[in-house]
Amino acid sequence: MVHRHETVTATDARVTMSWYDCIEPFVLNAPPGFNDRPIGVFSTFFPARAAQLEVNGKGRLRPGGGAEMRGDRQGSSATLAWSETWVKPRG
């Protein structure tokens, strides 16, 4: 099972977000005008079938990330998105 964890630590809290049972990652390429949207976005997606949010050691697995399309690729409602870039049309 492929998984990914991201943790943020403050003086009084520790938050860990986890994604489990990841499916094939992909780069979303949606330039301005795609699906009639005025702003474009380019992002790397890591869809997962389950996710967990843990705060100060308390949390539980949330299985069943719902399937959803991202452009022409299969994603899920439990997706980790990296390197998101938003762009305006030129001119």
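Structure: above.
Residues numbered from 1 in each chain as written. Predicted model: local features only at pLDDT ≥ 70, side-chain atom pairs only at ≥ 80, totals over all residues. Heavy atoms only, no water.

J.: Explain the overall build of the protein chain to me, using residue names and the numbers behind them.
T.: Assigned secondary structure in the protein chain consists of 0 helices and 8 strands. In sequence order, the secondary structure elements of the protein chain are arranged as β-β-β-β-β-β-β-β. Against the globule reference of 12 Å for 91 residues, the protein chain gives a C-alpha radius of gyration of 16 Å, more extended than a compact globule. Each of the 91 residues in the protein chain was classed as buried or not, and the buried ones make up 25%. Intrachain contacts of the protein chain at a sequence separation of at least 6 include 54% that bridge at least 24 residues. Of the side-chain charges in the protein chain, 11 are positive and 9 negative, and the distance between the mean point of each set is 2 Å. (Helix = DSSP H or I, 4+ residues; strand = E, 2+ residues; numbered from the N terminus. Rg over C-alpha atoms; globule rule 2.2 N^0.38 Å. Buried < 20%, exposed > 50% of the residue type's maximum accessible area, 1.4 Å probe, protein only. Contact = heavy atoms within 4.5 Å. Lys, Arg positive; Asp, Glu negative; His and termini not counted. Charge placed at Lys NZ, Arg CZ, Asp CG, Glu CD.)

J.: Can you break down the layout of surface pockets residue by residue, with the values?
T.: Space inside the largest pocket adds up to approximately 270 Å³. If you trace the largest pocket, you find 16 residues lining it, with Leu28, Ala30, Arg37, Val41 and Arg70 closest to the centre. Tallying contributions element by element places strand 4 (residues 40–55) first for the lining of the largest pocket, with 4 residues. Tallied by class, residues from the lining of the largest pocket come to 9 nonpolar, 4 polar and 3 charged. (1 Å grid on protein atoms, 1.4 Å probe; cavity = no way out; pocket = protein on both sides within 12 Å on 5 of 7 lines; lining within 4 Å. Points joined across faces, edges and corners; volume = space filled by probe spheres on them. Nonpolar A, V, L, I, M, F, W, Y, C, P; charged D, E, K, R; others polar.)

J.: If you had to explain the pattern of salt bridges to someone new, which residues and values would you point to?
T.: Under the criterion given, the structure shown has 2 salt bridges. Salt-bridge contacts for glutamate 6 lead to arginine 4; the nearest nitrogen and oxygen are separated by 2.8 Å. The partner of aspartate 21 in a salt bridge is arginine 49, with the nearest N and O atoms 3.3 Å apart. One end of the pair, aspartate 21, is in strand 2 (residues 14–22); the other, arginine 49, is in strand 4, with 28 residues separating them in the sequence. We classify aspartate 21 as partly exposed; its relative accessible area is 33%. For arginine 49, a relative accessible area of 44% gives the class partly exposed. (Salt bridge = Lys/Arg side-chain N within 4 Å of Asp/Glu carboxyl O.)

J.: Go over the pairing of strand 2 with me, naming the residues and quoting the values.
T.: Strand direction decides the pairing type here: strand 1 (residues 3–9) and strand 2, joined by 7 bridges, are antiparallel. In the strand pairing of strand 2, threonine 7 is matched with threonine 16. Taking the residues that link successive antiparallel strands as the turn, the strand 1-strand 2 hairpin has 4 residues. By the bridge criterion, 7 bridges tie strand 2 to strand 4 in an arrangement that is antiparallel. Counterpart to cysteine 22 in the pairing with strand 4 is alanine 48. (Pairing = 2+ DSSP bridges.)

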